[in-house]
Amino acid sequence: MADIIQLLPDHVANQIAAGEVVQRPASVVKELLENAIDAGANTIKLIIKDAGKTLIQVIDDGKGMSTTDARLSFERHATSKIRTADDLFQLHTKGFRGEALASIAAIAHVELKTKQEQDDVGSTIVIEGSNVTSQEVVVTPKGTSISVKNLFFNIPARRNFLKSNTVELRHIIDEFHRVALAHPNISFAFYNNGSETFNLPISNYRQRIVNIFGNKTNEKLVPVEEDTEVLKISGFVGKPEYAKKTRGEQYFFVNDRFIKSAYLNHAIASAFDGLLKNGTHPSYFLNLTVDPQTIDINIHPTKTEIKFDDEHTLYALLRSAVKHSLGQFNIAPVLDFERDSNLDTPYNYNKTDTNTPTIEVDRSFNPFQEETQSKARAVAYKKEPVASWENLYVGLESKGTKTQQDFSEVHFESEESTGSIFNDDKQVDKIQTTYQLHNKYIVSTIKSGMLVIDQHRAHQRVLYEDFLKNMTVKEAVSQQLLFPLQLHFSVQDIAIINQLKEDLEHTGFIFSNVNKESVEIIGVPVSVPESEVSIILEQLISDVENEVPDTHFSATDLLAKSMAKSLAIKTGQSLQKDEQEHLVNRLFACKEPSVSPTNRTTFITMSVDELDKKFI
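Residues numbered from 1 in each chain as written. Predicted model: local features only at pLDDT ≥ 70, side-chain atom pairs only at ≥ 80, totals over all residues. Heavy atoms only, no water.

A. Just helix α15 (residues 577-587), in detail. Restricting attention to buried positions, one finds in α15 the residues Gln580, Leu583, Val584 and Leu587. Along α15, the residues classed as buried sweep out an arc of 100° about the axis, all on the same side. Exposed residues pointing more than 90 degrees away from the buried face of α15 are listed as Asp578 and Asn585. Turning to α15, the residues buried within the fold contact β16 (434-437), β17 (441-446), β18 (449-454), α11 (455-473) and β22 (603-607). (Buried < 20%, exposed > 50% of the residue type's maximum accessible area, 1.4 Å probe, protein only. Helix = DSSP H or I, 4+ residues; strand = E, 2+ residues; numbered from the N terminus. Arc of directions from axis to C-beta. Contact = heavy atoms within 4.5 Å.)

Right, dumping it as structure tokens:
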């Protein structure tokens, strides 16, 4: 029998490896930015076109590469970061696997320009699908410039699985944030489709956070500092009142490397226990510095998972550090049972001058002097002799006419009414046809049996069709606000709002001003309370970022779904009888009453025969 096992060609092996390393354009951005940092760059530029599908370019002013290194860097398992296996536990660089550039070159058109400081000229290499098409000498500034074009050009199935430009750009911005936050000592610039999105100068950590997320972020931050033999913690957490319903602004960095850890996230959540509203999540930007020998980074090619030697100690230290900061800056309420609140100085006496108290003495007072009988005494009551019981009936022996006259003038405060409830047909209440079950379902009777409606999904369907109609007909009714409502968002969130601004105005929103960091609203739809506006917009932005587009995808449909989900009656909300009937009637006036906007069942029916079977 012939041998059937054979070695795969290099270009096939590289494409297989690329499946793990390069999942989407954001993966390429992460690898190239980390290589620039490892090269000792002080300034890094990121240029993106069409959400990375057309071009991803990273330019740095690092130490560059020689001609030989530039060619060798695209080979599998070629790296300058480690030499032996023991180096895996002494890592001080971002990369170490030696797979990134080989994987990227296998599925894209790559052009590399690099030059070392001592050289007069540099090298340029052009690679298409692992094949080196040219390698020449070129004049280029110190550092490295690498361009990745036409990603997944030779894997069309993988390219078709990419999501919309909005979603892919969001992932790229997330990766950019993670790298930029970890290194405030490096200047970063981000250009998207020819326009500057971020320009982050070298700064301290707090200023870097503010530069990325907007000036309003500064007042939301609470410093966290802790230094022990096991762990050093530095960074900031967000105040509880600014907690969001999404987990967007949550960053853990271990030795300047972004990681994801549900266990450490739980430590933060427990430190905020009792301070957050239900369904909200705190923001945090925390740097953890530990001994490299106590962690293992080589778990996954993305290197966002880390194994710790002693997770329980880290959990306790992190929780106590955050809790201490919240108490130290008077964010968390503190109970001090030894303090006497009666000794506190009232606010209106804080700035008044103190005077020496004066003592008045009655010098004529003599404690041995006897009281005179003529001195008046205060009498609480006057005791009078009780008359005999016969005196109670004095006066009843008058003439009969007078007695009758007296009793005829007596009036009662109220008279008892014994009218029948069936005298007036208008007073008879209508028979109740709907009932609310556990503040979640509305039960109604129909001719064939019983109808059970999910109130949240049913209201979503009603609102969804209303919003779609308003946006299509463009005749939405707006409610003017007495005072303009100003909301602050990050740069990328403002970009999404600008994309959806026209559709939002068709639903009833009126924007008076939209700038880089905030929006001003002077009108909202009639059905939207002012307090819900920020929640609706945050939910909308989150839905747009995470939406998976298909052939029927449209911004109008997404907007209607998101707003319906935010404004629909929640599970647990009690409804009056009229509200229940109104919701039932409006549901069955919809075009598709049987399913919610997300294609989930809104109601079920149960016939009398099915109920009879339950009692057999």
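B. Just unusual backbone geometry, in detail. Despite not being glycine, serine 130 shows a phi value in the positive range, around 75°. Here serine 130 shows up in the loop between β4 (122-128) and β5 (131-138). Here serine 130 falls in the partly exposed class, since its relative accessible area comes to 25%. Even without being a glycine, asparagine 255 presents a positive backbone phi close to 50°. Mapped onto the elements of the fold, asparagine 255 is located in the loop between β11 (250-254) and β12 (257-259). Since its relative accessible area comes to 27%, asparagine 255 is described here as partly exposed.

C. Here's a closer look at the pairing of strand β3 (residues 109-115). Sheet analysis places β3 next to β4, joined by six bridges and oriented antiparallel. Within the sheet, the bridge partner assigned to valine 110 lies in β4 and is isoleucine 127. Between the antiparallel neighbours β3 and β4 lie six residues. By the bridge criterion, seven bridges tie β3 to strand β6 (residues 143-149) in an arrangement that is antiparallel. Considered in β6, the bridge of threonine 114 is made with threonine 144. (Pairing = 2+ DSSP bridges.)

D. Expanded view of the confidence of the model for the chain. For the chain, mean pLDDT is 80; residues scoring 70 or higher make up 79% of the total. Of the regions scoring below 50 in pLDDT, residues 548-552 engages in three contacts with residues more than four places distant in sequence or in other chains. (pLDDT = per-residue confidence, 0-100.)

E. Layout of a nonpolar patch on the surface. Judged by side-chain polarity, Val121, Val137 and Val139 come together as a nonpolar surface patch covering roughly 310 Å² of accessible area. Relative to the assigned elements, valine 137 resides in strand β5. When its relative accessible area of 64% is taken as the criterion, valine 137 is described as exposed. (Patch = residues over 30% accessible without salt bridge, like charges linked within 9 Å, V, L, I, M, F, W, Y side chains within 5 Å. Areas by Shrake-Rupley, 256 points an atom, 1.4 Å probe, with all protein chains shown as cover. Salt bridge = Lys/Arg side-chain N within 4 Å of Asp/Glu carboxyl O.)

F. Quick look at the sheet that holds β17. Strand order across the open sheet formed by four strands is β16-β17-β18-β22, with antiparallel pairing between neighbours. The open sheet terminates on both sides in strands that have one partner only, identified here as β16 and β22. Adjacent strand axes in the sheet meet at a mean angle of 25° when their direction is disregarded. Judged from the six bridges that link them, β17 and β18 form a sheet pairing that is antiparallel. The residue bridging serine 444 from the neighbouring strand is leucine 451, located in β18. Where α11 meets the sheet, its contacts fall on β16, β17 and β18, and the angle it forms with β18 comes to roughly 75°. (Axes fitted to C-alpha atoms, helices over the stretch in contact; angles between N-to-C directions.)

G. Layout of the pattern of salt bridges. Under the counting rule described, the total for this entry stands at twelve salt bridges. A salt bridge links arginine 170 to aspartate 174; its shortest N-O distance comes to 3.6 Å. You can see arginine 170 and its partner aspartate 174 sitting in helix α6 (residues 165-182), four residues apart, about one turn around the helix. Overall, the relative accessible area of 16% leaves arginine 170 in the buried class. Given a relative accessible area of 19%, aspartate 174 falls into the buried group. The salt bridge partner of arginine 170 is aspartate 493, with a shortest N-O separation of 3.9 Å. Here the residue arginine 170 occupies a position in helix α6, and aspartate 493 occupies one in helix α12 (residues 491-507), the gap between them amounting to 323 residues. Given the relative accessible area of 10%, aspartate 493 is considered buried. Shared partners join several salt bridges into a network, and the residues in it are Arg170, Asp174 and Asp493.

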